[in-house]
Structure formats: structure tokens, C-alpha cells
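Chain by chain, the residues:
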Amino acid sequence: MAAFKIAALQNALDSSVPSSELERANKQYSELTIKYRDILEKDNHLVQRTNNLEHLETENVSLREQIGALNKELEITKEKLHTLEQAWDYMTKSSGESSMDKAAKSITNSEILSISKRITMLEMKELNERQRAEHAQHMYEQLRNSLKQVEERNFELETKFAEVCV
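**Brief notes about the overall build of the protein chain**
Consideration 1: Looking only at helices and strands, one finds three helices and zero strands in the protein chain.
Consideration 2: Ordered by position in the sequence, the α and β elements of the protein chain form the string α-α-α.
Consideration 3: The globule rule puts the C-alpha radius of gyration for 166 residues at 15 Å, and the 40 Å found for the protein chain is more than 25% above it.
Consideration 4: In terms of overall dimensions, the protein chain has a C-alpha envelope of 140 × 35 × 20 Å along the principal axes.
Consideration 5: Expressed as a percentage of the 166 residues in the protein chain, the buried residues total 2%.
Consideration 6: Taken as a whole, the protein chain presents about 15300 Å² of accessible surface, with 60% of it coming from carbon and sulfur.
Consideration 7: Across the protein chain, the 23 positively charged side chains and the 29 negatively charged ones have centroids separated by 2 Å.

Written as C-alpha cells, this is what we have:
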């Protein structure tokens, strides 16, 4: 009796879903799986490219900042050179025009050394102040960017929370 019931159920099962439909469904499932895998690979590739691009942009910004700092340092060096050239021209003019004695020249030389030391010290202080101001500006920009990112993330979370609550 059980064998008869099993045979009847097997016949009903065989007649309910034709094997060609099952094979076709399996083929469609395989095709969709392949497409899905391809889409995931493309997505991963795009994410990787985006990360690389962001890294390059960050590096680009850093290099631009370094170029700016080097340009400022070059400008300061040019100013120093110009100041020294003026002092040299003044020395050569003053020594050529008058015939001072050695004592007066030594006083002038000591005054020149004193003045150049003061100029150097002032330039060092100015350079330190510029570097400090640039660092403060850089830190301000970083904090501003971080705050912007936190605000964007907060907005996203509030939106998701609102969606979940609804």
C-alpha cells in the first residue's frame, strides 16, 4: 500500500513541474548569479578607484601646501638677499666716497654686524610667526572639514532613523 502511495505521489510530482521548466529556471538562476557577481566586481572596482582618487586628491592638496610653503620661503630668502645687496651697495658706496680711518671703519663694521644680526633675528621671528599662522590655518581647515563630515554623517543617521521609525 505504501509503495502504491509513493508511486502515485512520484507520478503527481513528475507531472506537476516539467523538467524542461526546471532546467530553464536553473539556467536563468545561473545567468542572474553571473550578472550579480559581475556587478559586485564592478562595484568593488569603482570603490577602489574612488579610494585611490581620494588618496591622490589628499596627496595633491598636501603637495600644493608644500609648494606654497616653499614659495613663501623663497620669497623670504629673496627679501633677505635684497636687503643684503642694499647693505653691500651702501658699504661699497660709503667706503669709496670717503677716506675714513681704520677706527671709524671698525665701528661701522661692528654697527653693520649688529644691524645684520638684528635683521636676521627679526626675519627669524617673522618666519616663525608665519609658520605658526600657517599651521593654525591648516588646523582650522582640518577641523572645519571634520565638522562638515560629522554634520553630513549626523544628517544621514537622522534620515535613516526617521525611515526606521516610520
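**What to know about helix α1 (residues 2–16)**
Consideration 1: Here α1 spans 21 Å end to end across 15 residues, near enough to the 21 Å set by a 1.5 Å rise per residue.
Consideration 2: A small share of α1 lies buried, amounting to zero of its 15 residues.

**Concerning the confidence of the model for the protein chain**
Do not read the predicted coordinates in detail wherever pLDDT is low.
Consideration 1: For the protein chain, the mean per-residue pLDDT works out to 84, and 90% of the residues sit at or above 70.
Consideration 2: Within the protein chain, the element-level pLDDT minimum falls on helix α3 (residues 102–165), averaging 82, and the maximum on α1, averaging 87.

**So, the pattern of salt bridges**
Consideration 1: Counting across every chain of the model gives five salt bridges.
Consideration 2: Across the pair Arg130 and Glu126 runs a salt bridge, and its minimum N-O distance is 2.6 Å. Separated by four residues within a single helix, Arg130 and Glu126 lie in helix α3, roughly one turn from each other.

**Brief notes about the UniProt feature "coiled-coil region" (unreviewed entry) in the protein chain**
Consideration 1: The positions UniProt marks with the feature "coiled-coil region" (unreviewed entry) are residues 22–87 and 133–160.
Consideration 2: Between the end C-alpha atoms of residues 22–87 there is a gap of 97 Å, over a span that is 100% helix and 0% strand.

**Looking at the layout of surface pockets**
Consideration 1: Estimates place the volume of the largest pocket at around 680 Å³.
Consideration 2: Lining the largest pocket are 18 residues; nearest its centre among them are Val61, Glu65, His138, Gln142 and Asn145.
Consideration 3: In terms of residue class, the lining of the largest pocket is built from two nonpolar, ten polar and six charged.
Consideration 4: Its boundaries defined by the atoms lining it, the second largest pocket holds a volume of some 350 Å³.
Consideration 5: Contributions of two or more residues to the lining of the second largest pocket are made by α2 (19–97) and α3.
Consideration 6: Broken down by element, the residue count for the lining of the second largest pocket peaks at eight residues, all from α3.

Thresholds applied
- Residues numbered from 1 in each chain as written.
- Predicted model: local features only at pLDDT ≥ 70, side-chain atom pairs only at ≥ 80, totals over all residues.
- Heavy atoms only, no water.
- Helix = DSSP H or I, 4+ residues; strand = E, 2+ residues; numbered from the N terminus.
- Rg over C-alpha atoms; globule rule 2.2 N^0.38 Å.
- Buried < 20%, exposed > 50% of the residue type's maximum accessible area, 1.4 Å probe, protein only.
- Areas by Shrake-Rupley, 256 points an atom, 1.4 Å probe, with all protein chains shown as cover.
- Lys, Arg positive; Asp, Glu negative; His and termini not counted.
- Charge placed at Lys NZ, Arg CZ, Asp CG, Glu CD.
- Expected span 1.5 Å × (residues − 1).
- pLDDT = per-residue confidence, 0-100.
- Salt bridge = Lys/Arg side-chain N within 4 Å of Asp/Glu carboxyl O.
- UniProt positions renumbered as here; feature names shortened; annotations may be inferred.
- 1 Å grid on protein atoms, 1.4 Å probe; cavity = no way out; pocket = protein on both sides within 12 Å on 5 of 7 lines; lining within 4 Å.
- Points joined across faces, edges and corners; volume = space filled by probe spheres on them.
- Nonpolar A, V, L, I, M, F, W, Y, C, P; charged D, E, K, R; others polar.

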